[in-house]
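Remarks on the overall topology
In case you want the letters, here they are:
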Amino acid sequence: DIQLTQSPSFLSASVGDRVTITCRASQGISSYLAWYQQKPGKAPKLLMYAASTLQSGVPSRFSGSGSGTEFTLTISSLQPEDFATYYCQQLNSYPITFGQGTRLEIK
Amino acid sequence: EVQLLESGGGLVQPGGSLRLSCAASGFTFSNYAMTWVRQAPGKGLEWVSGISDSGGGTYYADSVKGRFTISRDNSKNTLYLQMNRLRAEDTAVYYCANRPKLSGGWPFDYWGQGTLVTVSS
C-alpha cells in the first residue's frame, strides 16, 4: 500500500499568512494526488486534483504542486474560512489512501 | 444540483450486519464510478470501497475485504454497502462520493452528508 505522510500535522497561523502543507508518498504516484478540506461535522470538499488542478469554484489563493513523491498545497493569504483540516489522497493505485491530515488553526 | 443522501446507519452489535444506501440525484449516476469513505470519531479519512460506473469492477480496503460488499443499481440511482461481521473498529461516519472522470485518477468530487454506524454491545 502507498503511505502518505503530511507535514505538519498541526499548523497555527494568522489571517493573511501564507501557509504550505507537504504530502510525501512512500512511492512514486506521478500526479495522481488530490487535496481535500474538511470542516468540523462536514463532509470533505475537493480542492485540487491531478496535483495542481484547482477544482471549479475553489478560490485561486489555493495552489498545488509536485509530482512523484513530494507534493505541496499552498494557501497564499489565509482567510477566516480556511481554518480546517486538510487531507491529501493518492489515486495512483488501490487501495486508495489518505494522509493523516493537517489541522490548520487560528493563531 | 448534485445530491448524495446516505441512509441505513445505526447501532449494531458486534458480528451483526447493516446495509447502507446512497441515493444520488442531479447527475447521470450510471456514468460515474462511486466510492465509500469512512471516518472514525476524531480520526482521519479512510477509503473503504469503490465501484465502477457499470458495477463490473469493485475494490476494497484490506480492513473490510471479505466482510463488506459494494453494489449499485443504476436504474434506481442508488449505491449500496452491505456490511457483515461488523467489528467495533468499523464504528465511523460513512460517506459516499462520486468520482468524475477527471485527470489525475478520478478524485472524489461530491460527497454525501454521512451516516453514522456504531458497533457496540
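Our subject is the structure listed above.
Treat the numbers as computed from the prediction; the structure is a model and nothing was measured. (Residues numbered from 1 in each chain as written. Chains lettered and ligands numbered in written order. Predicted model: local features only at pLDDT ≥ 70, side-chain atom pairs only at ≥ 80, totals over all residues. Heavy atoms only, no water.)

1. Looking at the sheet that holds strand β2 (residues 10-12) of chain B
All names here are of chain B.
- The strand order across the open sheet formed by six strands is β2-β10-β9-β4-β5-β6, and the pairing between neighbours is mixed. Of all strands in the sheet, those with a lone pairing partner are β2 and β6 (58-60), marking the two edges. Between one strand axis and the next, the sheet turns through 25 degrees on average, direction left out of account.
- Of the pairings in the sheet, the one linking strand β9 (residues 92-99) to strand β10 (residues 115-119) comprises three bridges and is antiparallel in character. For alanine 92, the partnering residue across the bridge sits in β10 and is valine 117. (Pairing = 2+ DSSP bridges. Helix = DSSP H or I, 4+ residues; strand = E, 2+ residues; numbered from the N terminus. Axes fitted to C-alpha atoms, helices over the stretch in contact; angles between N-to-C directions.)

2. Notes on the interface of chain B and chain A
- Taken together, the 21 residues of chain B in the interface contact 21 residues of chain A.
- Summing both sides of the interface, chain B and chain A together bury roughly 1,700 Å²; the carbon and sulfur share of this comes to 64%.
- The largest per-residue losses of area from chain B upon contact with chain A belong to Leu45, Trp47 and Gly104 of chain B, which jointly make up 31% of the total buried on that side.
- Where chain B packs against chain A, one counts zero salt bridges.
- Counting every contact that joins chain B to chain A gives six residue pairs in polar contact (both at pLDDT 80 or more). (Contact = heavy atoms within 4.5 Å. Buried area = accessible area lost by both parts, 1.4 Å probe. Salt bridge = Lys/Arg side-chain N within 4 Å of Asp/Glu carboxyl O. Polar contact = N/O pair within 3.5 Å; in protein donor to acceptor, adjacent residues only side chain to side chain.)

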